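# Observations on the three-dimensional arrangement
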Amino acid sequence: MRSGRWPAWGWFLALSSVWIVGCYAVPPGLARAATYGLLGVASAVVTVAGVRRFRPATAWPWYALAAGRLAWAAGDVLYWWQTVVWNRDVFPSIADVFYLAHYALLVFGLVGLVRARRPGKDRPGLLDALVLSTGAAMLAWVFLMAPYVHDSELSTLGRVVSLAYPAGDIFVLGVLLRMTTGRGDRPPAYWLLVSSMIATLIGNIAYAVLELTIGYQAGSIIDVTWLAMYALGGAASMHPSMSAISRPARTGPEGSVGPRRLVALAMASLMAPTVLAIQWLGGTDIDVPVIVAGCAVLFLLVIARLQGLVALLSQTLRSVEEQATHDQLTGLANRRLFHARWHESLGEAGGPTALLYVDLDGFKPVNDTLGHEAGDSVLVEVAERLRSLVRAGDVVARLGGDEFAIILPWTDGATAEAIAQRLVTSLAEPFIVEHRPISIGASVGAVTAGPNSDPEAELRRADTAMYAAKAAGRGRVEFARAPA
């Protein structure tokens, strides 16, 4: 509410509720059909008005939904005219054309909203929706579709139309599941729209069950579900948050499976044996081709979903490993990974391994005068220059602060000195920070060690050599003295 007044969507929902109650006060006949149709027309009109007022980024799906409600309202009026005025129970009839058009427009509109909410690929959400809708399709086959297939009294056209209704419900359910399992904003208008779709499906399923058992009577309590579709759908389009439904979803990790979704997927996966058990216990003929096809489809979908989860897990593990072994600022190997690689290098049989221990000169004033953000940008640029100077297979690490180390496998002293000299020259060149040049330098301690050398002792030698370079005037390379 705003300023103590009901919003337009609240008024429409309240007046529609009163209108629905009033429909049952009108005797069954054309008058009641007119009340049904008027509510359907009103729902379509306010949907168009809502689109014009709130201007969603993707408007055409709402127009498709409005046209679908108009088609359903037209089907209602034609059905009542046929059964009440003409007193004829004809099937299929012209009313079925409008009812089935409603399915097509509904699916078309929902697909549009799904695509608007998720313009990119959402493979996990699509697979989840397919698993759930495939399970529902198998259940629908047993209770709603197989009886029509085996009904010898139906004509070919009547059988096709009879099967089209549950098939349409399965399509609607599939797209609705795709919308609810995917990412995207879920404002109040979203829940009103989803409730409208659920009311439609409940009414359609109840109608199908009655038609297969005691028969459907026009004007029964089941009609409330379709009237609720009008009311909830119209209220959704008049809610100020309706434009957020078609807003592209925020990026995020794909493929996560919560407890409720996991339970739903497990139940859908078990639908094939459930269908087999139902047919066996009921003593009916087992539809082997349908069950085999359903099992195959579910199996392939579940395998594809598992592959996605395994890929997501592998990606997560790689990310965790990357964070645990690499410096977050520069992306270089961190102290932990450096020590592991240094021990590995000296433990392998082969040629000598060189180590360059690098400490930046004049870096502290950068942090003190320009701030840590400027200092961080310098460290990132230092890391890029170090990467550009080494070979494939060399290890560049940030040990902490402004200290770096480079492991050079299979490298003799002369080659190590040449690389170190290029490193000192490169880091002496100015760094551009906030459009101004900053000059620092580097002191390098170098050491070469053979296989099976003591890693810690060699590291201390390199560290000592680095301090010797600083003591000798900075901006230079010092090789460690041979151990006594």
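Structural data are supplied above this passage.
Report follows, based on the coordinates. Because the structure is a prediction, the values reported are computed rather than measured. (Residues numbered from 1 in each chain as written. Predicted model: local features only at pLDDT ≥ 70, side-chain atom pairs only at ≥ 80, totals over all residues. Heavy atoms only, no water.)

Here we come to the overall build of the protein chain. Across its full length, the protein chain carries 17 helices and 7 strands. Taken against the 2.2 N^0.38 rule, which gives 23 Å for 484 residues, the C-alpha radius of gyration of the protein chain at 36 Å runs more than 25% over that of a compact globule. In terms of overall dimensions, the protein chain has C-alpha extents of about 115 × 60 × 30 Å along its principal axes. Looking at the protein chain residue by residue over its 484 residues, the buried ones come to 46%. Sequence-distant contacts in the protein chain: of pairs separated by 6 or more residues, those separated by 24 or more amount to 74%. Carbon and sulfur atoms provide 64% of the accessible area of the protein chain, an area that totals close to 24,300 Å². (Helix = DSSP H or I, 4+ residues; strand = E, 2+ residues; numbered from the N terminus. Rg over C-alpha atoms; globule rule 2.2 N^0.38 Å. Buried < 20%, exposed > 50% of the residue type's maximum accessible area, 1.4 Å probe, protein only. Contact = heavy atoms within 4.5 Å. Areas by Shrake-Rupley, 256 points an atom, 1.4 Å probe, with all protein chains shown as cover.)

Interaxial distance between helix H5 (residues 123-149) and helix H12 (residues 288-325) falls to 10 Å at its minimum, and their mutual angle equals 160 degrees. In terms of axis orientation, H5 runs roughly antiparallel to H12. The chirality of how H5 crosses H12 is left-handed. Contacts between H5 and H12 involve Arg123, Pro124, Leu127, Asp128, Leu130, Val131, Thr134, Gly135, Met138 and Trp141 from the first element and Val290, Ile291, Gly294, Val297, Leu298, Leu301, Ala304, Arg305, Gln307 and Gly308 from the second. (Axes fitted to C-alpha atoms, helices over the stretch in contact; angles between N-to-C directions. Parallel < 35°, antiparallel > 145°, perpendicular 65-115°, else oblique. Left-handed = near helix turned anticlockwise from the far one by under 90°.)

The subject of this paragraph is the layout of surface pockets. The space that makes up the largest pocket amounts to roughly 880 Å³. Lining the largest pocket are 38 residues, and of these Tyr79, Phe91, Tyr207, Glu211 and Tyr216 lie nearest its centre. For the lining of the largest pocket, the secondary structure elements donating two or more residues are helix H3 (60-85), helix H4 (94-117), H5, helix H6 (156-181), helix H7 (188-212) and helix H8 (223-238). Residue contributions to the lining of the largest pocket peak at 7 residues, all from H3. Its residues assigned to classes, the lining of the largest pocket shows 22 nonpolar, 7 polar and 9 charged. (1 Å grid on protein atoms, 1.4 Å probe; cavity = no way out; pocket = protein on both sides within 12 Å on 5 of 7 lines; lining within 4 Å. Points joined across faces, edges and corners; volume = space filled by probe spheres on them. Nonpolar A, V, L, I, M, F, W, Y, C, P; charged D, E, K, R; others polar.)

This part covers the pattern of salt bridges. Tallied over the entire structure, the rule returns 11 salt bridges. Across the pair glutamate 381 and arginine 385 runs a salt bridge whose closest N-O atoms are separated by 3.4 Å. You can see glutamate 381 and its partner arginine 385 sitting in helix H15 (residues 372-389), 4 residues apart, about one turn around the helix. The partner of glutamate 478 in a salt bridge is arginine 476, with the nearest N and O atoms 3.3 Å apart. Within the structure, one salt-bridge network assembled from shared partners comprises Asp359, Asp361, Lys470 and Arg474. (Salt bridge = Lys/Arg side-chain N within 4 Å of Asp/Glu carboxyl O.)

For the rest of this paragraph, the subject is the nonpolar core. With 52 residues, the main nonpolar core has Trp62, Met179, Leu193 and Ile245 as its most contacted residues. Mapped onto this core, the elements with two or more residues apiece are helix H1 (8-23), helix H2 (30-54), H3, H4, H6, H7, H8 and helix H9 (242-245). At 10 residues, H8 tops the list of elements feeding residues into this core. The residues contacting isoleucine 245, other than those within four sequence positions of it, are Trp62, Leu113, Arg117, Met179, Pro187, Ala189, Tyr190 and Leu193. By size, the runner-up hydrophobic cluster in this structure holds 33 residues, among which are Ala374, Val396, Ile419 and Ile438. (Core = buried A, V, L, I, M, F, W, Y, C linked by side-chain atoms within 4.5 Å.)

Let us look at the environment of methionine 267. Within the secondary structure, methionine 267 is located in helix H10 (residues 259-269). On the basis of relative accessible area, methionine 267 is assigned to the exposed category, the value being 54%. Considering only alpha carbons, one finds methionine 267 and leucine 126, 141 residues apart in sequence, at a separation of 17 Å.

Once that is clear, we can look at the packing of aromatic side chains. The full count for this structure, using the stated rule, is 8 aromatic pairs. Taking the centre distance of 4.6 Å and the plane angle of 55 degrees together, the rings of tryptophan 72 and tyrosine 99 count as tilted. Here tryptophan 72 is found in helix H3, whereas its partner tyrosine 99 is found in helix H4, with 27 residues between them in sequence. As far as burial versus exposure is concerned, tryptophan 72 and tyrosine 99 are alike and both buried. Judged by centre distance (5.7 Å) and plane angle (50 degrees), the rings of tryptophan 72 and tryptophan 226 are tilted. In this pair, tryptophan 72 sits in helix H3 while tryptophan 226 sits in helix H8, placing the two residues 154 residues apart along the sequence. For tryptophan 72, a relative accessible area of 4% corresponds to the buried category. Given a relative accessible area of 8%, tryptophan 226 falls into the buried group. (Phe/Tyr/Trp six-rings, centres within 6.5 Å; stacked < 30°, edge-to-face > 60°.)

Time to look at the pairing of strand E1 (residues 353-361). The element E1 is extensively covered by neighbouring structure, given that 9 of its 9 residues are classed as buried. Burial along E1 is two-sided: the residues Thr353, Leu355, Tyr357, Asp359 and Asp361 and Ala354, Leu356, Val358 and Leu360 are all buried. In this sheet, strand E6 (residues 441-449) lies alongside E1 in antiparallel orientation, the contact comprising 9 bridges. By the bridge assignment for E6, alanine 354 is matched with threonine 448. Two strands pair when backbone bridges link them, and E1 and strand E3 (residues 403-408) are joined in this way by 6 bridges, in the antiparallel orientation. Note that in E3 the partner of valine 358 across the bridge is phenylalanine 404. (Pairing = 2+ DSSP bridges.)

What follows deals with the sheet that holds E3. Here 5 strands make up an open sheet; going across it, the order is E2-E3-E1-E6-E7 and the pairing mixed. Two strands bound the open sheet, and with one partner strand each, they are strand E2 (395-400) and strand E7 (477-479). Put simply, the sheet's adjacent strands are angled 20 degrees from each other on average, direction ignored. Sheet analysis places E6 next to E7, joined by 3 bridges and oriented parallel.

No statement about biological role is implied by the geometric values presented.
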